[in-house]
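Listed here are the chains, written in short residue letters.
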Amino acid sequence: MPEAATLDAIELPVLGMTCASCVGRVERAIGAVPGVRRASVNLAAERAHVEGGDPAAVAAAIRAVGYEPLEHTVELQVRGMTCASCVGRVERALKSEPGVLDAQVNLATERATVRVLEGTVTSERLAAVIAEAGYDASMVEAAGGANEDREQAARLAEIGALRRSVMLAAVATLPLFTLEMARHVSPSVHHWLATTLGEQPWRLISLALASFVLFGPGLRFYKKGVPNLLRRAPDMNSLVVLGATAAWAYSLVATLFPRALPAGTNNVYYEAAAVIVTLILLGRWFEARAKGRTSEAIKRLLHLQAKTARVQRGGEDVEVPIEAVRPGDLVIVRPGERIPVDGEILDGGSFVDESMITGEAMPVEKGPGAVVVGGTVNKTGAFRFRATKVGADTLLAQIVRMVEQAQGAKLPIQALVDQVTAFFVPVVIALAALTFGVWLVFGPAPALGLALVNAVAVLIIACPCAMGLATPTSIMVGTGRAAELGVLFRRGESLQALRDVKAVVFDKTGTLTLGRPALTTLQVLEGYEENEILAAAASVENLSEHPIGEAIVSEARRRGLPLHPVTDFQATPGFGVTAAVAGHDLVIGAGRHLQAAGIDVSSLSDRADALADAGESPLFVGIDGRLAGLLAVADPIKPTSAEAIAALHKLGLKVAIVTGDHHRTAAAVARALGVDEVLADVLPDGKARAVVRLRERYGAVAFVGDGVNDAPALATAEVGIAMGQGTDIAIESADVVLMGGDLTGVVTALGLSRATLRNIRQNLGWAFGYNVVLIPLAAGVLYPAFGWLLSPMLAAGAMALSSISVLTNALRLRRYRPPGISAAGGTA
């Protein structure tokens, strides 16, 4: 680890101070930090002047006494990284800069996320620090901005440059490799080459071809590898430079100064040097193309955004770029158009395809007052809406940011990789030197040539690229695929945490159920019609504010029934209502309310008791002194709840309900769904404690909720999962967001978590196993027993294959299908 960077002098904003004692507390806390020479705090300006000290320690000290030092996050695009050691080098360089609290670099996305103290270091300085470490950096603008196009153009340019380099290298390498191999295999070719060109002219031609490959297309390795060697911080490029240059330089001496070498060692390895560079360039090209595909989920999301909008300005309809739309603008949407920004419909109506948000294939009917989301597609009608959220505030932009943040996360499993790669390349160089020395001293003749070949093979085979790509590529593809399936991982770390969950705890209302009462039962006695009873009951309940009454009125309106004038309305809390409707006297309520009015309810009392036991709220209806029928209202269970809970049980998880509802209602829902445990009558502040109790019983817990009162439980659980149609505070408290109301999204999230972690383990197994097996083989440990040696050319091919294999395996996650969804491709 680099030594902690110290601050010369900064002005640091500090939030939360209210009085002079706050000032003294902050000053004493900062002054106690080792290295701080002076600290003074200004209450009016809410700033601390700090001279000296470790910035991270200063920030921690301020937080420790209850105040908040202002900080912000800078996103930088980093180009030129090729392996895990590059990632470590950039991270160490950034963390050593005064004012940087933390830095995380992702090889797959080629981005650095840097957390800095406000007022300490600029974005330009961070880019300069990365440049000093040997890489190029630029600022990342907001999602959906022009930077996305520049980033895509830069990535395509890099792929194009690699392709050209591969083509040039191949043109020069092919004749060199073909003739050199042919002369070793066929005596006639060897004789033809000796008689037509001669050995020395052929060596000079080989020198020219190999030099062109190394210092033409292969110059990119020298530009990165040599400076890093001089900094004593070798990377993957350094290994390629050492290996290829060693083979080329030895061959150069054998060609121009053959007498300088011991007898029997006058051999050339031009084809090995050229093939090494060509194969590694080929691997880099394939790798760049594959890395581009790992971020396709982000590209597809960005492509959902409309490019222009039709806005009413100055009494005219004007088509403007999407960036020019402002909150409050009146936007017109025609049939078949993509809705440009978020807003609320003023007039008109249509059906809107919201599958990109909810995953629901059926278009949703929209009318005045309805909310529309930018990126969704208008189907049939036309409407006008008022823009409420534009630019980076739209739901689509927020989704893109969530996916980007999750894709750039480092999982705890990455810590092992970081520890290994921190010293991997220097160890490889040491192993190559050891290999050279052992072969030189103990190897058979020609010992010098064999020592060189095996040392080069060790340098080339030991590529840390696969290790660096193993985790981030799987995270990128997994979280991207999750977004396509309507599951947003707000924090990438929750991918690993979700895999370890042993129990899933659900809030009931609005999560397992629809969250709004609905008429579930309507039974009438002989002589009465359903619609007649429902219309009369709805006419009376229309004057009530009770949710049960709202459910009855809603069902009547859904059926298109007319509501009649009501007179003599009287409500008795806890019992029911009486009124006169269309010349009839109605009594609606509990059985005791009708019995008090002299109406016998015994013929339907057993049915009412059964409905109550099932968690429904029964209401008797009496007309003109006679029992007419029975209504029941309940919060209906979502159609997918039972399927989701059954799938969770198949995954070996326990399922519980925590709700503030009455125990009988909650127990009825639990019976219907097959839930393992119910905690009912839980007050809002008790849900977090309930999560702790369930954790003690089962292990790691995931909590699924949608309301304000669920926020503490969402934050307390190992993984909080919020319904995307829930409240903002619930979503902000959650680790995972389900964009639709479909609970099968919980199963999708769990399944993707397990598939992604399994994919990461496969990648790491391949990357580490590859080096564990092939480095000894390249060093020649099997030569004494079997006479086997690994050619540097095969080593280069295997090295390229390792990274491509890891990327290809990660890309399999793009075909992931949640359990129960039948589609080609299966699961990863």
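Predicted model only: the values in this text are computed from it and were never measured. (Residues numbered from 1 in each chain as written. Predicted model: local features only at pLDDT ≥ 70, side-chain atom pairs only at ≥ 80, totals over all residues. Heavy atoms only, no water.)

**Thoughts on the overall build of the chain**
For the chain, the count of helices and strands is 30 helices and 30 strands. Counting the 828 residues in the chain, one finds 52% classified as buried. Within the chain, residue pairs in contact and separated by at least 24 positions form 68% of the contacts whose partners lie at least 6 positions apart. (Helix = DSSP H or I, 4+ residues; strand = E, 2+ residues; numbered from the N terminus. Buried < 20%, exposed > 50% of the residue type's maximum accessible area, 1.4 Å probe, protein only. Contact = heavy atoms within 4.5 Å.)

**Some points on the UniProt feature "transmembrane region" (unreviewed entry) in the chain**
Residues annotated in UniProt with the feature "transmembrane region" (unreviewed entry) correspond here to residues 165-182, 202-219, 239-257, 269-286, 420-442, 448-471, 764-783 and 789-811. Taken end to end, residues 269-286 has its terminal C-alpha atoms 26 Å apart, with 94% of it in helix and 0% in strand. Secondary structure across residues 764-783 divides into 85% helix and 0% strand, with the first and last C-alpha atoms of the span separated by 28 Å. (UniProt positions renumbered as here; feature names shortened; annotations may be inferred.)

**Quick look at the sheet that holds strand β17 (residues 383-389)**
Strand order in this open sheet of 6 strands is β10-β9-β11-β17-β12-β15, and the pairing throughout is antiparallel. Of all strands in the sheet, those with a lone pairing partner are β10 (316-321) and β15 (371-372), marking the two edges. As paired strands, strand β12 (residues 342-348) and β15 are joined by 2 bridges and run antiparallel to one another. When the bridges of β15 are listed, Gly343 appears paired with Val372. (Pairing = 2+ DSSP bridges.)

**A few points about the nonpolar core**
Judged by nonpolar contacts, the single largest core of 136 residues is most densely connected at Leu94, Phe506 and Val746. Contacts of Phe506, omitting those with residues within four sequence positions, involve Thr511, Leu512, Ile645, Leu648, Val655, Ala656, Ile657, Val658, Val704, Leu743 and Val746. If you look at the next biggest cluster of nonpolar residues, it comprises 27 residues, including Ile552, Val553, Val621 and Val633. (Core = buried A, V, L, I, M, F, W, Y, C linked by side-chain atoms within 4.5 Å.)

**Description of the sheet that holds strand β30 (residues 736-738)**
The sheet built from 7 strands is open, its strands ordered β18-β30-β29-β28-β19-β26-β27 with mixed pairing. Of all strands in the sheet, those with a lone pairing partner are β18 (487-489) and β27 (677-679), marking the two edges. Sheet twist, expressed as the mean angle between neighbouring strand axes with direction ignored, is 20 degrees. Relative to β30, β18 is paired through 3 bridges, and the arrangement is antiparallel. Following the sheet pairing, Leu488 is matched in β30 by Val737. (Axes fitted to C-alpha atoms, helices over the stretch in contact; angles between N-to-C directions.)

**Observations regarding the packing of aromatic side chains**
Evaluated as defined, the whole model comprises 7 aromatic pairs. Taking the centre distance of 5.2 Å and the plane angle of 45 degrees together, the rings of Phe215 and Tyr222 count as tilted. Pairing Trp766 with Tyr770 gives two aromatic rings, centres 6.2 Å apart and planes at 35 degrees, and the pair type is tilted. Placement of the pair is Trp766 and Tyr770 together in helix α28 (residues 744-779), with a separation of 4 residues, close to one helical turn. (Phe/Tyr/Trp six-rings, centres within 6.5 Å; stacked < 30°, edge-to-face > 60°.)

**Describing unusual backbone geometry**
Cis geometry marks the peptide bond from Ala445 to Pro446, where omega comes out at -5 degrees. With respect to the helices and strands, the residue Pro446 is situated in the loop between α14 (414-442) and α15 (447-461). Although it is not a glycine, Asp568 adopts a positive phi angle of roughly 55 degrees. The topology assignment puts Asp568 in strand β21 (residues 566-572). Residue Ala582 is not a glycine yet carries a positive backbone phi of 50 degrees.

**Some points on the confidence of the model for the chain**
For the chain, the mean per-residue pLDDT works out to 81, and 86% of the residues sit at or above 70. For the chain, per-element mean pLDDT is lowest for helix α27 (residues 728-733), which scores 58, and highest for strand β11 (residues 330-333), which scores 94. Within the model, pLDDT remains below 50 along residues 821-828, and this stretch shows 13 contacts once partners closer than five positions in the same chain are excluded. (pLDDT = per-residue confidence, 0-100.)

**Points about the pattern of salt bridges**
Two side chains of opposite charge can pair, provided their charged atoms sit close to one another. Taken as a whole and judged by the stated rule, the model has 16 salt bridges. Among the salt bridges present, the one from Arg125 reaches Glu97, with a minimum N-O distance of 3.0 Å. You can see Arg125 sitting in helix α4 (residues 123-132) and its partner Glu97 sitting in the loop between α3 (84-95) and β6 (100-106), a full 28 residues away along the chain. Residue classification places Arg125 among the partly exposed residues on the basis of a relative accessible area of 31%. For Glu97, a relative accessible area of 12% corresponds to the buried category. In the salt-bridge network here, residues are joined through shared partners; they are Glu530, Glu555, Arg558 and Arg559. (Salt bridge = Lys/Arg side-chain N within 4 Å of Asp/Glu carboxyl O.)

**Some points on helix α2 (residues 55-64)**
Within the sequence span of α2, burial applies to Pro55, Val58, Ala59, Ala61 and Ile62. The buried residues of α2 occupy an angular sector of 160 degrees when the element is viewed end-on, so they sit on one face. Gly66 sits one or two positions beyond α2 and adopts a positive phi of about 95 degrees. (Arc of directions from axis to C-beta.)

**Considering the environment of Ser805**
Its location among the elements puts Ser805 in helix α30 (residues 792-811). For Ser805, a relative accessible area of 25% gives the class partly exposed. As a C-alpha pair, Ser805 and Ala767 span 38 residues in sequence and 9.1 Å in three-dimensional space.

**Quick look at the environment of Gly598**
Within the secondary structure, Gly598 is located in the loop between α21 (591-596) and α22 (602-613). Along the chain, Gly598 and Arg626 lie 28 residues apart, while their C-alpha atoms are 8.7 Å from each other.

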